[in-house]
Amino acid sequence: MASTSEDSSAITLAAYELHAEQYIARTSNIRSQLVDDLIGLVPHGSSVLELGSGPGRDAAALEEAGLVVTRTDAAASFVRLFRSRGLEARTLDVTADDFGGPFDAVFANAVLLHVARTRLRGVMVVAQRATRVGGVLVASFKKGDGDEWSERKLDAPRHFTYWQEEDLHRVVMAAGWTPLRIEESTQPTSIERWITVIAQNDKS
């Protein structure tokens, strides 16, 4: 299997490009707990950049709560599906593109776990630049050690990077964010362990 972060990203992206509808069919329609985390942090009408909108479940829930969501995904297949439903969306590669903004929040549910360990700080810096002072980052990561290729859920290989809370804390701080909460958030029914990261942009 590929050894460089560029190859890992390309192979993982290809899995989503080729199997977007399969991914949607195999993903729960129940919104992520991260949605409620974000709703509790920002006022009605706040602007949210969602990284990796995927099936669109969380974006819809955020909009129902009165937030204004900019949908993005690295996989053009997801972007086309959004547009076919009359929803605005744009392609965005978190490891290569500017995020735009400024936004009140950056929301990334189960997306940055595909970013190689050595590249996460850079992505976090770009996310920080994309938020207003006082803006927040809400993201989730898989908890564990090392990294792994997996064909679970999709019949195609995807690369995952695993994290511990203290390591994420160091990366978040190094990228200029102020951590508000970095803690395990595994649900009782989950077969995988998760970490929620909530941080604030305090830089003027």
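Summarised in this report is the structure supplied together with it. (Residues numbered from 1 in each chain as written. Predicted model: local features only at pLDDT ≥ 70, side-chain atom pairs only at ≥ 80, totals over all residues. Heavy atoms only, no water.)

Quick look at the overall build of the chain now. Looking only at helices and strands, one finds seven helices and nine strands in the chain. Against the 2.2 N^0.38 benchmark of 17 Å for 204 residues, the chain shows a C-alpha radius of gyration of 16 Å, consistent with a compact globule. If one aligns the C-alpha atoms of the chain with their principal axes, the spans along those axes are about 45 × 40 × 35 Å. The burial tally for the chain puts 48% of its 204 residues in the buried class. Relative to all contacts within the chain whose residues are 6 or more apart in sequence, the contacts with residues 24 or more apart total 62%. (Helix = DSSP H or I, 4+ residues; strand = E, 2+ residues; numbered from the N terminus. Rg over C-alpha atoms; globule rule 2.2 N^0.38 Å. Buried < 20%, exposed > 50% of the residue type's maximum accessible area, 1.4 Å probe, protein only. Contact = heavy atoms within 4.5 Å.)

It is worth spelling out the environment of Glu148 at this point. Note that Glu148 resides in strand β6 (residues 147-150). Glu148 gets classed as partly exposed once you look at its relative accessible area, which sits at 28%. The residues contacting Glu148, other than those within four sequence positions of it, are Arg158, His159, Phe160 and Tyr162. Separated by 2.4 Å, the side chains of Glu148 and Tyr162 make a polar contact. (Polar contact = N/O pair within 3.5 Å; in protein donor to acceptor, adjacent residues only side chain to side chain.)

A few words on the side chain of Thr131. Take Thr131: it is sitting in strand β5 (residues 131-143). A polar side-chain atom of Thr131 sits 3.1 Å from a polar atom in the side chain of Asn201. Not counting the four nearest positions on each side in its chain, Thr131 is found in contact with Pro102, Phe103, Ala105, Val106, Val136, Trp177 and Asn201.

Before going further, it helps to examine the packing of aromatic side chains. As enumerated under the stated definition, the model contains four aromatic pairs in all. Aromatic side chains Tyr23 and Phe78 sit 6.0 Å apart centroid to centroid with 75° between the ring planes, which places their arrangement in the edge-to-face category. With Tyr23 in helix α2 (residues 20-25) and Phe78 in helix α5 (residues 76-84), this pair connects stretches of sequence that are 55 residues apart. Take Tyr23 and Phe78: they sit in the same class, and that class is buried. One aromatic cluster is present, built from ring pairs that chain together Tyr16, Tyr23 and Phe78. The aromatic ring of Phe82 is capped on one face by Arg71, whose charged end is 5.7 Å from the ring centroid. (Phe/Tyr/Trp six-rings, centres within 6.5 Å; stacked < 30°, edge-to-face > 60°. Lys NZ or Arg CZ within 6 Å of the ring centre and 35° of its normal.)

In this model helix α1 (residues 5-18) runs 20 Å from its N-terminal to its C-terminal C-alpha over 14 residues, within 8% of the 20 Å that 1.5 Å per residue would give. Of the positions making up α1, those classed as buried are Ser5, Ser8, Thr12, Ala15 and Tyr16. Along the long axis of α1, the arc covered by the buried residues comes to 95°, so they all point the same way. Looking at the packing, one finds that the buried side of α1 touches α2, α5, β6 and β7 (158-163). (Expected span 1.5 Å × (residues − 1). Arc of directions from axis to C-beta.)

The next subject is helix α6 (residues 120-129). If you check which residues of α6 are buried, you get Leu120, Val123, Met124, Val126, Ala127 and Gln128. Against β4 (103-108), β5, β7 and α7 (165-174) lie the buried residues of α6.

A few words now on the packing of α6 against α7. For the pair α6 and α7, interaxial distance at closest approach is 8 Å and the crossing angle is 45°. On the basis of their axis angle, the class for α6 and α7 is oblique. Crossing angle aside, the handedness with which α6 passes α7 is right-handed. Mapping the contact onto sequence places Leu120, Arg121 and Met124 in α6 and Leu168, Val171, Val172 and Ala174 in α7. (Axes fitted to C-alpha atoms, helices over the stretch in contact; angles between N-to-C directions. Parallel < 35°, antiparallel > 145°, perpendicular 65-115°, else oblique. Left-handed = near helix turned anticlockwise from the far one by under 90°.)

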